[in-house]
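# Chains, contacts and geometry: an overview
One-letter residues, chain by chain:
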Number of protein chains: 2
Amino acid sequence: MTTQSARVRVAVNGYGVIGKRVADAVANQEDMELVGIADVDAGWRMRIAEQKGFRIFASLDDRTEAMRDRGLQVAGNLDDLLRDAEVVVDCTPKPLGAQNAEYYRAHGVRFIVQGGEKHEVTGHSFVADANYASAVGRESTRVVSCNTTSIVRTLIALKRVGLLKKARGTLMRRATDPWESHEGGIMNTLVPEAKIPSHQAPDAQTVDAELDVVTIAVKVPQTLAHMHSWSIQLTRNSTAEEVIDAFRQSSRIAMIRVDDGLTALNTVKELMADLGRPRDDLYEVALWEDMVAVSEGEAFYAYMVDNQAIVVPDTIDAIRALTSRDQDPQASMSKTDAALGIGSKLV
Amino acid sequence: MTTQSARVRVAVNGYGVIGKRVADAVANQEDMELVGIADVDAGWRMRIAEQKGFRIFASLDDRTEAMRDRGLQVAGNLDDLLRDAEVVVDCTPKPLGAQNAEYYRAHGVRFIVQGGEKHEVTGHSFVADANYASAVGRESTRVVSCNTTSIVRTLIALKRVGLLKKARGTLMRRATDPWESHEGGIMNTLVPEAKIPSHQAPDAQTVDAELDVVTIAVKVPQTLAHMHSWSIQLTRNSTAEEVIDAFRQSSRIAMIRVDDGLTALNTVKELMADLGRPRDDLYEVALWEDMVAVSEGEAFYAYMVDNQAIVVPDTIDAIRALTSRDQDPQASMSKTDAALGIGSKLV
């Protein structure tokens, strides 16, 4: 039973857009065991989880009966699930994660909250490639949001090779998630976030306080993914090749090309489907290599961010960091990437 | 008849999205006379023109019969129209304007082409507030495109007060015009222009070669208007108030406020309708005053560009410049603005 007991026992609380992807990814790691998922839903989403063989728990006690009435096999409540887990990944809608944090602490279980929660909930914000080491052995961390994850991944790549001075970006945000797009979306308009910088730039600084970054965010009427355009002041004159190399040598940034026919968000999504990725997920920042322009100490580029998927690999790494399974960031990231099929190239 | 003969006799060739607005605006100027419009359409668009009392000509001879068959009173062909005009505004789809240029020259009529044509067609590119004087008495000019017009208006405002060093912008472009949105649009995706800088930055430099400007352009799935977000390097430390004042003191930039309920493109369009603007047109750059952020020598802002309307006032000014009716830019712009109801405030 040595191997068995060495595996990290992981619970997932909240089985929505992120939670279901995290649960699949956990179940997919050789060194982890998914002990169960908790939610309040009694409908089709839980039946799919049951078909996958996941043990189901009721996040709220008063939902147990409704879930059982709909024929779900409910293994217990959240207390029962947490007793069995070494770490819980909270994927509930904000700000429930902040409320749940105290509950997790009372149960003595390590926990991860998602980027919708405030930095203060855990006092640590996580992007694997940037600050894995500082999360090792911690009680908790917060995996930052999709946009922030992409910002940190790309800017860290430039910082690491000494090229980054200042970064100024425009975020074209998908208006809502696909599965909820029958309500609460926007149509045929653009909606700016009223404040400059938008919230993502200060959020990136919770991971790396040295980043000189400003963002302007605008909601756009589509549901596929976010897209960013960036204007970077470099520390010195450089070339497109050097900037592209910095991205290539970094983690979870995949180069794509317009002249390869990847001309828009939808063509990249189609590629994910054809690659057989689960749920057509794009875990990488997909950055258009043949758009990168560098001129006299400035770089310009654009990339796509799959808001549903990009934080999944970092969440898996955060599990290993909190439970001290890997001290070395690269060891954990390599395991995660291998399990999810992540590389520096998509085609 | 002194007053009558002093009026500029204007023809409009091409009665589409821009042409019909230019025709209305010309008919609305006290010092201009619309001698007729030319097109190839035989459908509803021409019948509206007829109802307005405009004289209709066939742009192509072989369309005359089809137009008469549909009951239109066709006054003649393009030759006939040009014989009667001192200046023609070409509003045909690109690249027809380039072909027509030789024809206009042969007829000895001054001409204006739209921004879809190349700078070389006329050798002069026009934004009233930037370079009216250099167009006075010329045979021809090109009124630059909607996006370029907005870029020049806003950057000139900052340049004039000595604040502008470098400008880096992201253009979120409406995918197609509303009246054509039943075909050729995009849905639920984003499509980057493959090249950085996108074509608008070099285009702005055809009006003012000194502008240090780079643009990244992305098509978005809506039809209302374009939206730009900008990151500006200033020549010195400044304040939001100073930047806003520079915009206020410039021309055809209207300040709007998120906290006034103007939270998105559609709310601004609704305001245009409620103001009674023809076709709900927004001639100004509508710039969000309460989003403007200035920090240590940098400014950030976002604005809306009504691609169907913004070039109309500049086209009217270009008519006065070519025909030497006003030597003073401000004299012409004031007349145009008064006739179209343009101010520095919308509400």
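Here is what the cut-offs are and how they apply
Residues numbered from 1 in each chain as written. Chains lettered and ligands numbered in written order. Predicted model: local features only at pLDDT ≥ 70, side-chain atom pairs only at ≥ 80, totals over all residues. Heavy atoms only, no water. Helix = DSSP H or I, 4+ residues; strand = E, 2+ residues; numbered from the N terminus. Buried < 20%, exposed > 50% of the residue type's maximum accessible area, 1.4 Å probe, protein only. Contact = heavy atoms within 4.5 Å. Buried area = accessible area lost by both parts, 1.4 Å probe. Salt bridge = Lys/Arg side-chain N within 4 Å of Asp/Glu carboxyl O. Polar contact = N/O pair within 3.5 Å; in protein donor to acceptor, adjacent residues only side chain to side chain. Nonpolar A, V, L, I, M, F, W, Y, C, P; charged D, E, K, R; others polar. UniProt positions renumbered as here; feature names shortened; annotations may be inferred. Axes fitted to C-alpha atoms, helices over the stretch in contact; angles between N-to-C directions. Left-handed = near helix turned anticlockwise from the far one by under 90°. Pairing = 2+ DSSP bridges. Least-squares fit on C-alpha atoms with pLDDT ≥ 70 in both. Parallel < 35°, antiparallel > 145°, perpendicular 65-115°, else oblique. 1 Å grid on protein atoms, 1.4 Å probe; cavity = no way out; pocket = protein on both sides within 12 Å on 5 of 7 lines; lining within 4 Å. Points joined across faces, edges and corners; volume = space filled by probe spheres on them. Disulfide = S-S within 2.5 Å.

### Considerations on the side chain of T315 of chain A
All names here are of chain A. The residue T315 is located in helix α12 (residues 311-322) in this model. For T315, a relative accessible area of 0% corresponds to the buried category. Excluding residues within four positions of it along the chain, T315 makes contact with V22, V89, I112, Q114 and V143.

### As for the environment of V294 of chain B
All names here are of chain B. Its place among the elements puts V294 in strand β15 (residues 293-295). Residues V294 and L234, 60 residues apart in the sequence, show an inter-C-alpha distance of 9.4 Å. Ignoring any residue separated from it by four or fewer positions in sequence, one finds V294 in contact with L234, S238, T239, A240, V243 and A299.

### A word on the interface of chain A and chain B
Facing 37 residues of chain A, the contacting portion of chain B comprises 37 residues. Both sides together, the interface formed by chain A and chain B hides about 3100 Å², and carbon and sulfur atoms give 67% of it. Seen at the junction of chain A and chain B, the total is four salt bridges. The salt bridge partner of E298 of chain B is K166 of chain A, with a shortest N-O separation of 3.9 Å. In this assembly, chain A and chain B are joined by 13 residue pairs in polar contact (both at pLDDT 80 or more). For the side of chain A that touches chain B, the element with the most residues is strand β12 (residues 226-234) of chain A, which contributes five residues. Across the side of chain A that touches chain B, the residue classes tally to 22 nonpolar, ten polar and five charged.

### So, the UniProt feature "active site" (unreviewed entry) in chain A
The residues that UniProt annotates with the feature "active site" (unreviewed entry) are C146 of chain A. By the secondary structure assignment, C146 of chain A is in helix α8 (residues 146-160).

### Some points on the packing of α8 of chain A against helix α10 (residues 240-249) of chain A
Residues and elements named next belong to chain A. Running from amino to carboxyl end, α8 crosses α10 at an angle of 120°, the nearest separation of the two axes being 8 Å. Here α8 runs over α10; the crossing is right-handed. Side by side, α8 and α10 meet where T154, A157 and L158 of the first sit next to V243, A246 and F247 of the second. Broken down by class, the residue content of the contact of α8 with α10 amounts to five nonpolar, one polar and no charged.

### Concerning the sheet that holds strand β3 (residues 56-58) of chain B
All names here are of chain B. With parallel pairing, eight strands are arranged side by side in an open sheet as β4-β3-β2-β1-β5-β6-β8-β7. Edge positions in the open sheet fall to β4 (74-77) and β7 (125-126), since each of these has one partner strand only. Where β7 and strand β8 (residues 140-143) come together, two bridges link them in parallel fashion. Residue pairing for β8: S125 is matched across the bridge by R142.

### Quick word on the UniProt feature "domain: Glyceraldehyde 3-phosphate dehydrogenase NAD(P) binding" (unreviewed entry) in chain A
Taking the numbering used here, the UniProt-annotated feature "domain: Glyceraldehyde 3-phosphate dehydrogenase NAD(P) binding" (unreviewed entry) corresponds to residues 8-146 of chain A. The span residues 8-146 of chain A shows a helical share of 32% and a strand share of 25%, and its end C-alpha atoms are spaced 25 Å apart.

### Considering the sheet that holds strand β1 (residues 8-13) of chain A
Adjacent strands of a sheet pair through backbone hydrogen bonds, lying either parallel or antiparallel. All names here are of chain A. Strand order in the open sheet made by the eight strands is β4-β3-β2-β1-β5-β6-β8-β7, with parallel pairing throughout. Sheet topology places β4 (74-77) and β7 (125-126) at the edges, where each strand pairs with a single neighbour. Sheet analysis places strand β6 (residues 110-113) next to strand β8 (residues 140-143), joined by three bridges and oriented parallel. Its bridge partner being in β8, V113 is matched across the sheet by R142. Set on the sheet, helix α3 (residues 44-51) makes contact with β2 (32-39) and β3 (56-58); between it and β2 the angle comes to about 155°.

### With respect to the relation of the copies chain A and chain B
Superposing chain A onto chain B requires a rotation of 180° together with a translation of 0.0 Å along the rotation axis, leaving an RMSD of 0.0 Å. Both chain copies can therefore be described as sitting about a two-fold axis. The fraction of interface residues of chain A whose copies in chain B are also interface residues reaches 100%, indicating that both copies meet through the same surface.

### With respect to the packing of α8 of chain A against helix α9 (residues 200-207) of chain A
All names here are of chain A. Put simply, α8 and α9 touch, their axes get as near as 9 Å, and they point 60° apart. Considering the angle they form, α8 stands oblique to α9. Between α8 and α9 the crossing geometry is right-handed. Within the contact between the two elements, α8 uses N147, T148, I151 and V152 and α9 uses Q200, D203, A204 and V207.

### A look at the environment of K20 of chain A
Residue and element names in this part refer to chain A. Tracing the sequence through the fold places K20 in helix α2 (residues 19-27). Along the backbone, K20 and A299 are 279 residues apart, and their C-alpha atoms lie at a distance of 37 Å. In this view, K20 contacts Y15 and R279; residues no more than four positions away in its chain are not counted.

### Quick word on empty space enclosed by the protein
Here the structure, examined in full by the defined rule, presents two cavities of 30 Å³ or more. What lines the largest cavity is a set of 19 residues, among which R168 and T170 of chain A together with R168, T170 and S231 of chain B lie closest to the centre. Taken together, the elements giving at least two residues each to the lining of the largest cavity come down to β9 (164-174), β11 (213-220) and β12 of chain A together with β9 (164-174), β11 (213-220) and β12 (226-234) of chain B. When the residues that make up the lining of the largest cavity are grouped by side-chain class, the tally is eight nonpolar, nine polar and two charged.

### Some thoughts on the side chain of T64 of chain B
Checked against the element boundaries, T64 of chain B lands in helix α4 (residues 64-69). Looking at T64 of chain B, the relative accessible area reads 14%, which means it is buried.

### Observations regarding the state of the cysteines
Residues and elements named next belong to chain A. The full count for this structure, using the stated rule, is zero disulfides over all chains. As a non-bridged cysteine, C146 has C91 as the owner of its nearest cysteine sulfur, 13 Å distant. Taking the relative accessible area as the measure of exposure, C146 reaches 13% and is therefore buried.

### Looking at unusual backbone geometry
For the peptide bond that leads from K94 of chain A to P95 of chain A, omega is 0°, which places it in the cis range. Along the chain, the position of P95 of chain A falls in the loop between β5 (87-90) and α6 (96-106). The omega angle of the peptide bond from I196 of chain A to P197 of chain A is 0°, so this bond is cis rather than trans. Structurally, P197 of chain A can be placed in the loop between β10 (191-192) and α9. Residue D280 of chain A is not a glycine yet carries a positive backbone phi of 60°. Mapping D280 of chain A onto the fold places it in the loop between α11 (265-274) and β14 (285-288). Here D280 of chain A falls in the partly exposed class, since its relative accessible area comes to 30%. Look at R252 of chain B: it is not a glycine, yet its phi comes out positive at around 60°. With respect to the element layout, R252 of chain B can be found in the loop between α10 (240-248) and β13 (253-256).

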